Amino acid sequence: MNNVNKYANIQNELPKLQKVLLDAIQSEFLEIQSVKKQCEKYPGACEKIDGLEKAYFVVYSKYVKKADHRFERFIFLDETGHEVCDVSGQEMELYGLLAPCMNLELSKEYEEGLSHPV
(Lines give C-alpha, C1' and ligand atoms only; values in the text may rest on other atoms or scores of the structure.)
Protein backbone atom coordinates (compact mmCIF):
# COMPACT_ATOMS: atom_id res chain seq x y z
CA MET A 1 0.00 0.00 0.00
CA ASN A 2 2.97 2.24 -0.61
CA ASN A 3 2.20 5.76 -1.80
CA VAL A 4 -1.48 5.43 -0.89
CA ASN A 5 -2.89 7.94 1.57
CA LYS A 6 -4.81 6.28 4.38
CA TYR A 7 -7.30 9.09 5.06
CA ALA A 8 -9.23 11.05 2.44
CA ASN A 9 -10.27 13.98 4.63
CA ILE A 10 -7.55 14.33 7.27
CA GLN A 11 -6.32 17.72 6.01
CA ASN A 12 -9.85 19.14 6.08
CA GLU A 13 -10.57 17.74 9.54
CA LEU A 14 -7.18 18.60 11.05
CA PRO A 15 -5.95 21.68 9.14
CA LYS A 16 -3.24 22.55 11.71
CA LEU A 17 -1.64 19.09 11.70
CA GLN A 18 2.12 19.35 11.15
CA LYS A 19 3.21 18.04 7.75
CA VAL A 20 5.62 15.53 9.28
CA LEU A 21 2.80 14.03 11.37
CA LEU A 22 0.39 14.13 8.41
CA ASP A 23 2.85 12.24 6.21
CA ALA A 24 3.63 9.69 8.92
CA ILE A 25 -0.07 9.04 9.58
CA GLN A 26 -0.96 8.83 5.89
CA SER A 27 1.85 6.31 5.30
CA GLU A 28 0.85 4.30 8.42
CA PHE A 29 4.22 4.88 10.10
CA LEU A 30 2.21 6.48 12.93
CA GLU A 31 -1.38 5.89 14.05
CA ILE A 32 -4.00 8.45 15.09
CA GLN A 33 -6.88 7.73 17.46
CA SER A 34 -9.43 9.79 19.36
CA VAL A 35 -9.01 10.38 23.08
CA LYS A 36 -11.80 8.69 25.04
CA LYS A 37 -12.57 11.44 27.54
CA GLN A 38 -15.15 9.34 29.40
CA CYS A 39 -12.43 6.82 30.33
CA GLU A 40 -11.92 6.37 34.10
CA LYS A 41 -8.27 7.35 34.00
CA TYR A 42 -8.72 10.48 31.86
CA PRO A 43 -9.51 12.96 34.71
CA GLY A 44 -6.47 11.83 36.72
CA ALA A 45 -4.23 12.05 33.68
CA CYS A 46 -5.46 15.61 33.03
CA GLU A 47 -4.46 16.59 36.57
CA LYS A 48 -0.91 15.28 36.04
CA ILE A 49 -0.32 16.37 32.42
CA ASP A 50 -0.63 20.01 31.44
CA GLY A 51 -2.64 20.54 28.26
CA LEU A 52 -4.18 17.07 28.12
CA GLU A 53 -7.67 18.43 28.79
CA LYS A 54 -7.50 20.14 25.35
CA ALA A 55 -6.65 16.89 23.55
CA TYR A 56 -9.07 15.26 21.13
CA PHE A 57 -6.58 13.01 19.29
CA VAL A 58 -3.35 11.17 20.04
CA VAL A 59 -0.63 10.14 17.59
CA TYR A 60 1.56 7.17 18.46
CA SER A 61 3.44 4.25 16.93
CA LYS A 62 1.46 1.05 16.63
CA TYR A 63 4.73 -0.80 16.07
CA VAL A 64 6.27 -0.25 19.51
CA LYS A 65 6.06 -3.40 21.61
CA LYS A 66 4.24 -3.22 24.95
CA ALA A 67 7.50 -3.81 26.83
CA ASP A 68 9.01 -0.73 25.16
CA HIS A 69 6.11 1.72 25.58
CA ARG A 70 7.97 3.59 28.31
CA PHE A 71 10.40 4.80 25.60
CA GLU A 72 7.65 6.01 23.28
CA ARG A 73 6.31 9.57 22.86
CA PHE A 74 2.61 10.33 22.48
CA ILE A 75 1.59 13.52 20.70
CA PHE A 76 -1.79 14.87 21.73
CA LEU A 77 -3.69 17.15 19.34
CA ASP A 78 -6.66 19.49 19.69
CA GLU A 79 -9.71 19.32 17.40
CA THR A 80 -7.82 21.20 14.62
CA GLY A 81 -4.67 19.08 14.73
CA HIS A 82 -2.58 21.58 16.72
CA GLU A 83 -0.23 19.88 19.21
CA VAL A 84 -1.33 20.50 22.81
CA CYS A 85 1.11 18.23 24.63
CA ASP A 86 3.82 15.64 24.12
CA VAL A 87 3.93 12.87 26.72
CA SER A 88 6.39 10.05 27.31
CA GLY A 89 5.29 6.48 27.82
CA GLN A 90 6.88 6.69 31.28
CA GLU A 91 4.37 9.39 32.26
CA MET A 92 1.25 7.55 31.11
CA GLU A 93 -0.17 4.55 29.30
CA LEU A 94 -2.68 4.89 26.49
CA TYR A 95 -4.59 1.74 27.39
CA GLY A 96 -8.24 2.58 27.86
CA LEU A 97 -7.83 6.12 26.47
CA LEU A 98 -8.14 5.27 22.77
CA ALA A 99 -11.19 5.33 20.53
CA PRO A 100 -11.55 5.26 16.74
CA CYS A 101 -11.44 8.57 14.86
CA MET A 102 -15.04 8.76 13.70
CA ASN A 103 -14.43 11.97 11.73
CA LEU A 104 -11.66 10.52 9.52
CA GLU A 105 -12.62 8.66 6.36
CA LEU A 106 -10.40 6.03 4.78
CA SER A 107 -9.48 6.84 1.20
CA LYS A 108 -10.96 4.71 -1.58
CA GLU A 109 -7.48 3.64 -2.68
CA TYR A 110 -6.64 2.51 0.85
CA GLU A 111 -9.89 0.56 1.22
CA GLU A 112 -9.34 -1.09 -2.18
CA GLY A 113 -5.87 -2.12 -1.04
CA LEU A 114 -7.36 -3.70 2.09
CA SER A 115 -9.86 -5.73 0.10
CA HIS A 116 -7.37 -6.65 -2.67
CA PRO A 117 -3.91 -7.05 -1.06
CA VAL A 118 -1.01 -7.43 -3.46
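Structure's up top.
Reading guide: rules and limits
Residues numbered from 1 in each chain as written. Predicted model: local features only at pLDDT ≥ 70, side-chain atom pairs only at ≥ 80, totals over all residues. Heavy atoms only, no water. Pairing = 2+ DSSP bridges. Helix = DSSP H or I, 4+ residues; strand = E, 2+ residues; numbered from the N terminus. Core = buried A, V, L, I, M, F, W, Y, C linked by side-chain atoms within 4.5 Å. Buried < 20%, exposed > 50% of the residue type's maximum accessible area, 1.4 Å probe, protein only. Contact = heavy atoms within 4.5 Å. Phe/Tyr/Trp six-rings, centres within 6.5 Å; stacked < 30°, edge-to-face > 60°. Lys NZ or Arg CZ within 6 Å of the ring centre and 35° of its normal.

Asker: So, the pairing of strand 4 (residues 83–88): which residues are in play, and what are the values?
Answerer: Bridge count for strand 3 (residues 73–77) against strand 4 is 5 bridges, and the pairing is antiparallel. Within strand 4, the residue paired with Phe74 across the bridge is Val87. The hairpin formed by strand 3 and strand 4 contains 5 residues between the paired strands, and Gly81 there has a positive phi angle of roughly 100°.

Asker: I'd like a description of the nonpolar core, backed by residues and values.
Answerer: In this structure, Tyr42, Leu52, Val58, Phe74, Phe76 and Met92 are the most contacted members of the largest nonpolar core, which totals 17 residues. Considering each element in turn, this core owes the most residues, 3 residues, to helix 3 (residues 42–48). With residues up to four places along the chain from it excluded, the contact list for Leu52 reads Tyr42, Ala45, Cys46, Phe76, Cys85 and Met92. In terms of nonpolar packing, the next biggest core, distinct from the first, is built from 16 residues, Tyr7, Leu21, Ile32 and Ile75 among them.

Asker: Give me the packing of aromatic side chains: which residues, what numbers.
Answerer: Taken as a whole and judged by the stated rule, the model has 0 aromatic pairs. Sitting over the face of the ring of Tyr56, Lys37 holds its NZ or CZ atom 4.1 Å from the ring centroid. Of note, Lys66 hangs over the ring of Tyr95, and the distance from its end group to the ring centre comes to 5.5 Å.

Asker: If you had to explain the pairing of strand 2 (residues 57–60) to someone new, which residues and values would you point to?
Answerer: Across a regular strand the side chains alternate sides, sitting on one face of the sheet and then on the other. Side chains of strand 2 alternate between two faces, with Phe57 and Val59 and Val58 and Tyr60 buried alike. One ladder, built from 4 bridges, connects strand 1 (residues 31–35) with strand 2; its direction is antiparallel. Its bridge partner being in strand 2, Gln33 is matched across the sheet by Val58. For strand 2 and strand 3, the ladder comprises 3 bridges, and the chain directions are antiparallel. Among the inter-strand pairings, Val59 is bridged to a residue of strand 3, identified as Ile75.

Bear in mind that shape data such as this cannot, by itself, settle questions of function.
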